[in-house]
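# Close look at the chain arrangement
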Amino acid sequence: MSWLGQLESLTYLAILKANSKWTWLRRRFQTGRGAMATLAVVAFVVLYVVGGVTVLGRREPTDPESLRRWLSGGMVLYALFHAIKLIWSSDFDQAVVGSHRDSPADRLWLGGGPLHRSMLVGREFITVVPATIAKSLLLLVVLQGDVASRLQLAIGVFLSLLTLELVRRVISSLIASMSAIQRTTMKAISLAIVTALFVHLGSVVYQIVPNDPDPVDLTVCTLAGIGDLAQSSGIQSLATPLMPAAHVASQQTWTIAVPLSGLFVVDGWMCWLLAIGMLPIWMMVLVSADSWSLNQRCKHERVELDHLTRTLANNVSQRIETDSLGADLVSRFVDRCHGLMKLILPKDVHVDGCMGIVLRQLHCLVRYRSHVMMSLGIPTLLSLSPLVMEQSAKQWLFCVGGILLSSILLAPPALQIDFRRDLRRMGLLKSLPITSWSMCIGMLSVPVIMTILFQWLTVTVACIVVPTAFSRWISLMLAMPAVAVLTFAIENALFLIFPHSIGAQGIGMVLRTKVMFLWKAVVIAAFPTSIALIAALCSTCLPETVAQSAAVFGILVSWWAIAIVSLFCLTGCWQRFDPVRDIAPE
Amino acid sequence: MIEITDLRKLYVDTLAVQDVSFQLPSGVVCGLVGPNGAGKTTTMRCVAGVLSPTSGQISIHGMDPEVDPIGVKLAVAYVPDDPPLFDDLTVGQHLDFIARLYRLADHRKHAAELLNRFELIPKYDSVASSLSRGMRQKLAVACAYLTRPKVLLLDEPLTGLDPPGIRQLLASITEYAQKGNTVLISSHLLAMIGDVCDRLLLMQDGEVRHQGTLASLRNTYPNAETLEDVFFAATTATAEDETTDHHDLIDDEAWADTVIMDEPSEVDRRMVAK
């Protein structure tokens with residue numbers, strides 16, 4: 001079967017799908033929630049462009065060499081992050097090319113159809129182009145003041161990002177090909193790499209941070225440290241494949257001579273040729289890596305089969321005992337919680353159905369425990385890191401700020417044990433005989449409790465390291481859970497308004513991520529604002545003796561009020577959620 | 001013609017299929033039966049080239065999926081249980097897409113016949129997501145027939161179909177096999193497939209327990225009145241009985257050269273040698 005024929009059939013499918021998706025989007029935009037999602041995206045784009053042009057456009061332009069190093073080095077850091085995430089992922093198939101993007105229908109009719117594997121890999125690459133264009137345009141807004149030619153910048157950034165996507169997929173294929181032992185070895189190596197990177201970053205930040213820094217200083221210094229890390233010789237040596245495109249993006253004229261990796265000197269046109277030429281080269285590398293990876297997986301499977309054949313009988317009986325013991329423990333724990341909730345809650349609040357959902361979420365937690373521990377362990381260490389600095393009045397503030405930032409920014413992606421996990425089971429969830437309120441409480445219970453445990457643990461350790469007043473400790477212990485509830489309630493409400501599958505990619509996801517980030521930035525700004533407002537109000541209106549206590553009480557009440565309102569919002573979103581209409585066709 | 005030798009498939013830490021061997025000549029309808037988790041679907045997916053076997057050989061009309069994956073995929077059509085369809089494509093667009101994918105010239109007439117046969121004409125412009133379970137099943141089967149495969153693999157094709165639909169599908173299977181094609185059909189509706197199958201392959205715990213013609217299987221369990229009784233008798237048989245069952249089936253002429261037993265005992269070997 002000819003390549004042209006295969007390409008033609010894939011193009012035909014892509015056109016049909018695009019037409020259908022466009023029709024679905026048009027219809028959805030006419031509904032209330034769809035209009036809200038559209039409005040949020042439009043608002044984000046307007047804010048982003050206006051902010052980019054007015055605020056970022058006025059900053060001092062970066063010199064072309066720094067821009068080039070920052071672009072290429074930053075992308076290497078991203079590729080490293082991606083690789084480490086995959087190495088530590090328990091879902092091995094996640095690393096296989098197309099595993100996330102392809103729908104079950106794609107897997108059956110295309111995977112089972114007379115198409116070359118390389119054609120499917122090529123299709124995977126082509127489908128990332130629209131999202132890459134969107135990302136390039138977003139980056140263009142930020143960087144447009146640094147170069148003379150915006151068109152050249154846009155093309156350079158686009159080529160860099162596209163090369164990065166290919167490199168990322170090559171890395172994924174290589175990771176997918178690893179055996180269990182190789183994976184364990186890579187985990188150890190990745191830990192060493194991460195430690196080295198953090199030591200480098202820490203030392204750079206320590207050198208440049210002013211005495212008695214405030215959070216803004218620390219954030220600016222950390223960003224500068226990351227920039228320094230991206231431009232370091234170690235990272236730059238890994239960035240060679242991305243350099244031609246980075247040169248295209250940063251060069252000032254068409255014929256300027258630029259050093260490439262310190263080894264070659266090529267002019268601007270040659271950079272263009274190299275940047276464009278890198279794409280087919282990496283494409284071929286990806287096809288080879290994918291084919292090699294599939295063969296390796298098969299080989300490892302055979303080795304594993306030999307091993308399993310020898311130990312199967314013992315393992316199975318032992319595993320059944322362990323599993324049933326684990327299941328009993330989880331069930332008993334949930335039963336106890338249920339009894340406790342019945343005692344605490346008013347009689348007209350029914351939590352029976354909710355506990356079934358909690359049980360299911362707990363099983364999920366037990367299954368992904370190592371991932372969750374890892375995801376929460378790092379924020380705990382980061383949040384506690386200010387405590388090792390010299391004693392200062394702001395030390396405590398940094399720690400609390402770290403906990404709040406981690407709760408808002410890091411906890412939601414780390415703990416996706418909520419509605420986001422069940423996109424394809426929404427119909428089933430809707431059919432369960434429990435109230436919307438119970439469903440939402442049940443869905444949020446586990447991630448929220450895990451986040452609260454992280455917050456309480458970090459605050460308590462901080463209190464032990466830097467002794468503080470008991471009233472401050474208890475205030476924080478009571479206030480912080482509100483942030484956890486608010487974060488997960490809003491995250492899930494937005495998910496129900498604009499649902500997407502975990503690991504989805506494309507323009508929609510790029511914009512969605514930015515909208516979510518914008519919302520989080522608003523929340524981050526709202527918390528200190530609310531503290532300042534209530535404190536100011538109490539100090540002006542109340543006598544000095546009660547002002548402080550009243551302010552703390554006011555903050556507690558206001559934060560919890562916001563959290564409960566957000567829960568009601570989530571419940572409303574769930575009540576209105578229609579699996580047939582709201583979930584996009586695959 | 002399907003030839004499977006010592007097929008094994010491992011999923012993480014579960015051996016789904018172990019040492020499965022059988023041959024199916026052209027023009028035969030073979031029923032693949034067994035309890036849930038027996039390894040039927042995995043076997044079918046390996047034959048279809050959707051899954052790579054961990055070990056063992058597969059040959060479809062002399063082609064090895066590892067060596068000539070495209071050739072095998074052109075020769076085989078696989079319809080899984082509850083087949084996934086492109087939610088955003090209509091019935092007609094599905095058939096057009098399959099025709100393009102398999103480079104079928106002048107497919108419209110054949111497509112119209114299939115749509116008519118499976119009563120899908122009124123749904124021609126409906127998107128797949130709006131179809132009922134049975135309609136989706138019929139569309140997937142129509143797509144499979146459209147490619148005119150030499151080997152047709154149907155995994156639980158009767159689930160969700162109405163009685164006329166079942167009758168129509170079974171009739172089409174018989175006709176298709178009579179044209180010299182091989183059909184492997186997996187189902188729990190034993191009474192239904194019993195009428196169309198020339199042979200039966202019974203799997204349990206990832207292994208082939210019995211294989212042979214329906215008559216030979218009935219002879220093995222003379223007290224069983226229906227095919228369902230035979231199924232229960234075969235799947236609940238003790239290990240001791242199984243040894244005997246193997247021998248009874250090996251005597252069947254049609255399968256004499258194809259049966260490979262799992263871990264044959266010395267007695268088994270002697271019986272095969274005879």
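Residues numbered from 1 in each chain as written. Chains lettered and ligands numbered in written order. Predicted model: local features only at pLDDT ≥ 70, side-chain atom pairs only at ≥ 80, totals over all residues.

## Overview of the overall build of chain B
Assigned secondary structure in chain B consists of 11 helices and 9 strands. Each of the 274 residues in chain B was classed as buried or not, and the buried ones make up 47%. (Helix = DSSP H or I, 4+ residues; strand = E, 2+ residues; numbered from the N terminus. Buried ≥ 20, exposed ≤ 12 C-beta atoms within 10 Å, placed from the backbone.)

## Some words on the overall build of chain A
Across its full length, chain A carries 21 helices and 2 strands. Within the span of chain A, comprising 586 residues, buried residues form 30% of the whole. Long-range contacts, defined as pairs at least 24 residues apart, comprise 80% of the intrachain contacts of chain A with a sequence gap of at least 6. (Contact = placed C-beta atoms within 7 Å.)

## Focus on the sheet that holds strand S1 (residues 2–11) of chain B
All names here are of chain B. Across the sheet, 3 strands lie side by side as S2-S1-S4; this open sheet has antiparallel pairing. Two strands close off the open sheet at either side, each with one partner strand: strand S2 (14–24) and strand S4 (55–60). For this sheet the average axis-to-axis angle between neighbouring strands, irrespective of direction, equals 20 degrees. The pairing of S1 with S4 spans 5 bridges and is antiparallel. In the sheet register, Thr 5 faces S4, and the bridge partner there is Gln 57. Here helix H1 (residues 40–48) sits on the sheet and contacts S1, S2 and S4; the angle it forms with S1, its principal contact strand, is near 115 degrees. (Pairing = 2+ DSSP bridges. Axes fitted to C-alpha atoms, helices over the stretch in contact; angles between N-to-C directions.)

## Considering the sheet that holds strand S8 (residues 199–204) of chain B
Residue and element names in this part refer to chain B. Pairing is mixed in the open sheet, where 6 strands are placed in the order S5-S6-S7-S3-S8-S9. Strands with a single pairing partner mark the edges of an open sheet, and in this sheet they are strand S5 (76–79) and strand S9 (207–213). Averaged over all neighbouring strand pairs, the angle between strand axes comes to 15 degrees, with direction disregarded. The pairing of strand S6 (residues 151–155) with strand S7 (residues 182–186) spans 5 bridges and is parallel. Residue pairing in the sheet places Leu 153 in a bridge with Leu 184 of S7. Helix H6 (residues 163–178) rests against strand S3 (29–33), S6 and S7 of the sheet, and its axis sits at about 150 degrees to S7.

## Remarks on the interface of chain A and chain B
Many structure descriptions define interface size as the accessible area lost when the parts assemble. Every contact between the two is made by 28 residues of chain A and, on the other side, 29 residues of chain B. Of all the elements, helix H1 (residues 3–29) of chain A adds the most residues to the side of chain A that touches chain B, at 9 residues.

## So, the pairing of S9 of chain B
All names here are of chain B. Counting buried residues in S9 gives 5 out of 7 residues, a clear majority hidden from the surface. Pairing between S8 and S9: 6 bridges, direction antiparallel. In the strand pairing of S9, Arg 199 is matched with Thr 213. Adjacent in sequence and paired antiparallel, S8 and S9 are bridged by 2 residues, among which Asp 205 carries a positive phi angle near 50 degrees.

## Things to note about the pairing of S5 of chain B
Residues and elements named next belong to chain B. Alternating positions in S5 separate into two faces, Val 76 and Tyr 78 on one and Ala 77 and Val 79 on the other, with burial throughout. Here S5 pairs with S6 via 4 bridges, running parallel. Of the residues in S6, the one forming a bridge with Val 76 is Val 151.

## Side note on unusual backbone geometry
All names here are of chain B. For Asp 82, which is not glycine, the phi torsion reads 45 degrees and is therefore positive. Tracing the backbone shows Asp 82 in the loop between S5 and helix H3 (91–101). The phi torsion at Glu 156 lies on the positive side, around 50 degrees, for a residue other than glycine.

## Focus: the packing of helix H14 (residues 369–384) of chain A against helix H17 (residues 436–465) of chain A
All names here are of chain A. Relative to each other, H14 and H17 sit at 30 degrees, their axes nearing to 10 Å. The chirality of how H14 crosses H17 is right-handed. In this structure, H14 uses Val 372, Leu 376, Pro 379, Thr 380, Ser 383 and Leu 384 to contact H17, whose residues at the interface are Met 450, Phe 454, Leu 457, Thr 458, Val 461 and Ala 462. Across the contact of H14 with H17, the residue classes tally to 9 nonpolar, 3 polar and no charged. (Left-handed = near helix turned anticlockwise from the far one by under 90°. Nonpolar A, V, L, I, M, F, W, Y, C, P; charged D, E, K, R; others polar.)

## Some details on the environment of Ile 276 of chain A
Residue position: Ile 276 of chain A is located in helix H12 (residues 268–344). Once the C-alpha coordinates of Ile 276 of chain A and Ala 245 of chain A are considered, the two residues, 31 residues apart in sequence, prove to be 7.8 Å apart.

## A closer look at the nonpolar core
Judged by nonpolar contacts, the single largest core of 132 residues is most densely connected at Val 76, Leu 139, Ala 142, Leu 146 and Leu 153 of chain B. Residue contributions to this core peak at 12 residues, all from helix H7 (residues 150–176) of chain A. Those residues within four positions of Ala 142 of chain B in sequence are excluded, and the remaining contacts are Leu 95, Leu 114, Leu 115, Phe 118 and Leu 120 of chain B. With 61 residues, the next largest nonpolar core counts Ile 403, Phe 454, Val 483 and Cys 573 of chain A among its residues. (Core = buried A, V, L, I, M, F, W, Y, C linked by C-beta atoms within 7 Å.)

## Considerations on the confidence of the model for chain B
The predicted coordinates should not be examined in detail at positions where pLDDT is low. Residue and element names in this part refer to chain B. In this model, chain B carries an average pLDDT of 82, and 86% of its residues clear a pLDDT of 70 or more. Within chain B, the lowest mean pLDDT, 40, falls on helix H11 (residues 266–273), and the highest, 95, falls on S6. Across residues 242–274, where pLDDT falls below 50, the model places 40 contacts with residues more than four positions away in sequence or in other chains. (pLDDT = per-residue confidence, 0-100.)

## Focus: the packing of helix H15 (residues 395–414) of chain A against helix H18 (residues 470–497) of chain A
Residue and element names in this part refer to chain A. Between H15 and H18, the least distance of the axes is 9 Å, while the angle of their chain directions is 25 degrees. The angle between H15 and H18 places the two elements in the roughly parallel class. Classified by chirality, the crossing of H18 by H15 is right-handed. Touching Val 400, Ile 403, Leu 404, Ser 407, Ile 408, Ala 411 and Pro 412 of H15 are Leu 476, Met 480, Val 483, Ala 484, Thr 487, Phe 488 and Glu 491, all from H18. (Parallel < 35°, antiparallel > 145°, perpendicular 65-115°, else oblique.)

## Considering the environment of Asp 422 of chain A
Residue and element names in this part refer to chain A. In this structure, Asp 422 sits in the loop between H15 and helix H16 (426–431). The partly exposed category is assigned to Asp 422, around which 16 C-beta atoms lie within 10 Å. C-alpha of Asp 422 to C-alpha of Ser 501: the two residues are 79 residues apart in sequence and 8.6 Å apart in space.

## Thoughts on H1 of chain A
The end-to-end C-alpha separation of H1 of chain A is 38 Å, in line with the 39 Å expected for 27 residues at 1.5 Å each. All of the buried residues in H1 of chain A are Gln 6, Ser 9, Leu 10, Leu 13, Lys 17 and Ser 20 of chain A. In this fold, the buried residues of H1 of chain A make contact with helix H5 (117–127) of chain A together with H3 of chain B. (Expected span 1.5 Å × (residues − 1).)

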